[in-house]
Amino acid sequence: MSGDHARLLVVGSINADLVVRVPRHARPGETVLGGDLVVHPGGKGANQAVAAARLGADVAFAGRVGDDDHGRMLRATLRREGVRTDATRTVPGASGVALITVDDAGENTITVAPGANGRFGPADVSDLAPAIEAATVVSLQLEIPLDTVWAVIRCCEAADTRVVLNLSPVVAADVLTSASVLRVCDPLVLNEHEASVTTGAAAGDARGALKVLRALDPRPRSIVLTLGGGGALVAVGDAEAVHVAAPRVAAVDTTGAGDAFTGALAWRLAAGDDPVAATRYAVRVGAAAVRSAGAQSSYPTADELP
């Protein structure tokens, strides 16, 4: 790393992931017996930062942890992974926690208690201005308060810093358009489920959802729509969308794979790749991440990519 600021700044959530393996997911009112509880470092923001750092990125993370054992573990993990933590603050109270169940097919369900992430407010963004101005790319998600996300994006716009916004957890299109932040997103990153919820398009109709997203006012500068094992669609401006295929792998656990994809994408954009080249790299990272259990623990280094 060189200089006082990172080329990639990730602003977002950091959680302790409490994970249980189950043979299948419980239906409402049902109890299912699972395996032992395992605690991993997680949170969409921290996951993206660690994924990028594993690949060799010069990356910093801005977020909030609580003054508890989880918070101390989370900060230590970022430092060990080579992520800059100057903008990671400790606040009173509990850290964020994600309750995750993973079934035998490798599919997961996640419930998040935001904890300290919910106390990362818009007033805190002014302290990030120097890091935002110095960064090539700022990557964001929606596990911190939306007003804080919007404030960061506006700061990025003023600094002419590229914004990668991962639309997760998903929000409706009118929330995005009313905040007038879409015009800065380059790209807006979302998966098929998120695209369906945001646009109202039928589940599985990726190109239909993409058409709706490109018609929003304001609309993103570019869009990356991930398709799981099917790769991703990349749409830049008015150009025809490009399909990027993903390598075939045996999925063990999909937890955090989308974060690995977005972290890799943001890093390659910061390194100067065009959106299609960055996406080609990112689908390889996402595919590698599903081959083993856990989120951050499954993230590959550059020489481990399929």
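What you see is a predicted model; the values in this text were computed from it and never measured. (Residues numbered from 1 in each chain as written. Predicted model: local features only at pLDDT ≥ 70, side-chain atom pairs only at ≥ 80, totals over all residues. Heavy atoms only, no water.)

**A few points about the overall build of the protein chain**
This is how it is decided: Only DSSP runs of H or I reaching four residues or more are called helices, and only runs of E reaching two or more are called strands; each is numbered from the N terminus. Exposure categories follow from relative accessible area, calculated using a 1.4 Å probe and restricted to protein chains: below 20% of the type maximum is buried, above 50% is exposed, and the middle band is partly exposed. Every residue pair with non-hydrogen atoms within 4.5 Å of one another is taken to be in contact.
Scanning the protein chain from N- to C-terminus turns up nine helices and 13 strands. By its C-alpha atoms, the protein chain is 50 × 40 × 40 Å across when sized along the principal axes. When the 306 residues of the protein chain are sorted by exposure, 55% land in the buried category. Expressed as a percentage of contacts within the protein chain between residues at least 6 apart in sequence, the contacts between residues at least 24 apart total 69%.

**Let's talk about the sheet that holds strand 5 (residues 88-91)**
Put simply, the rule is: For two strands to pair, DSSP has to find at least two bridges joining them. Each axis is a line fitted through C-alpha atoms, taken for helices only over the stretch in contact, and angles between the N-to-C directions span 0 to 180 degrees.
Pairing within the open sheet is mixed, and its nine strands lie in the order 5-4-1-8-9-10-11-12-13. Lying at the two open borders of the sheet, with one neighbouring strand each, are strand 5 and strand 13 (242-244). Neighbour-to-neighbour, the strand axes of this sheet turn through a mean angle of 15°, independent of strand direction. Where strand 11 (residues 222-226) lies against strand 12 (residues 232-236), five bridges are found, and the strand directions are antiparallel. Looking across to strand 12, one finds that L225 is bridged to L233. Relative to strand 12, helix 9 (residues 275-289) is tilted by about 165°, and along the sheet it contacts strand 9 (162-166), strand 11, strand 12 and strand 13.

**So, the pattern of salt bridges**
To keep things clear, this is the line we draw: Between Lys or Arg on one side and Asp or Glu on the other, a salt bridge is scored when a side-chain nitrogen of the former is within 4 Å of a carboxyl oxygen of the latter.
Considering all chains together, one arrives at eleven salt bridges under this definition. For R64, the salt bridge identified is with D124, shortest N-O distance 3.7 Å. Residue R64 is found in strand 4 (residues 59-66), and its partner D124 is found in the loop between strand 7 (108-113) and helix 3 (129-134); the two are separated by 60 residues along the sequence. For D69, the salt bridge is made with R72, and the minimal N-O distance between the two is 2.7 Å.

**Some details on the packing of aromatic side chains**
Quick reminder of the rule: Whether two aromatic rings pair depends on their centres lying within 6.5 Å, for rings of Phe, Tyr and Trp, where Trp uses its six-membered ring; planes under 30 degrees apart make the pair stacked, over 60 edge-to-face, and the rest tilted. Two conditions define a charge sitting above a ring: the NZ of Lys or the CZ of Arg must be within 6 Å of the ring centre, and it must be within 35 degrees of the ring normal.
Summed over the entire model, instances satisfying the criterion amount to zero aromatic pairs. Here the guanidinium or amino end of R64 rests over the ring plane of F120, the centre of that ring lying 4.3 Å away. Just above the ring of Y281 sits the side chain of R268; from NZ or CZ to the centre is 5.6 Å.

**Points about the environment of A49**
With respect to the helices, strands and loops of the structure, A49 is situated in helix 1 (residues 44-54). Put simply, A49 and L9 are 40 residues apart on the chain and 8.0 Å apart in space, counted from C-alpha to C-alpha. Setting aside anything within four residues of it in sequence, one finds A49 in contact with V10, V59, F61 and V83.

**Focus on the state of the cysteines**
Covalent bonding between the sulfur atoms of two cysteines is what defines a disulfide. Applied cut-off: To count as a disulfide, a pair of cysteine sulfur atoms needs to be within 2.5 Å.
Scanning all chains against the criterion turns up zero disulfides. Left unpaired, C155 is separated from the closest cysteine sulfur, that of C156, by 6.2 Å. Owing to a relative accessible area of 19%, C155 belongs among the buried residues under this scheme.

**Side note on the nonpolar core**
Applied cut-off: Nonpolar cores are built from buried Ala, Val, Leu, Ile, Met, Phe, Trp, Tyr and Cys residues. Side-chain atoms within 4.5 Å join them into one set.
Residues L9, V11, V138, L140, I153 and L165 are the most contacted members of the largest nonpolar core, which totals 50 residues. Looking at this core, the element that brings in the most residues is helix 4 (residues 146-159), giving seven residues. When neighbours within four sequence positions are excluded, L165 is seen to be in contact with L140, Q141, L142, V149, I153, C185, P187, L188 and V189. By size, the runner-up hydrophobic cluster in this structure holds 46 residues, among which are A52, V164, V189 and A232.

**Let's talk about the packing of helix 1 against helix 8 (residues 257-270)**
Heads up, the rule is: Any angle that falls under 35 degrees is termed roughly parallel, while one over 145 is termed roughly antiparallel, one within 65 to 115 roughly perpendicular, and all others oblique. By the definition used in this description, the sense in which the near helix is turned from the far one sets the handedness, with an anticlockwise turn below a right angle giving left-handed and a clockwise turn giving right-handed. Basically, the charged four are Asp, Glu, Lys and Arg, the nonpolar ten are Ala, Val, Leu, Ile, Met, Phe, Trp, Tyr, Cys and Pro, and anything else, Gly included, counts as polar.
One can describe the packing of helix 1 onto helix 8 by two numbers: an axis separation of 7 Å at closest approach and a directional angle of 55°. The angle between helix 1 and helix 8 places the two elements in the oblique class. Handedness of the helix 1/helix 8 crossing: right-handed. Residues K44, N47, Q48, A51 and A52 of helix 1 lie in contact with helix 8, whose contacting residues are D259, A260, T262, G263 and W267. Residues that form the contact of helix 1 with helix 8 fall into these classes: four nonpolar, four polar and two charged.

So yeah, pure geometry; function would need other evidence.
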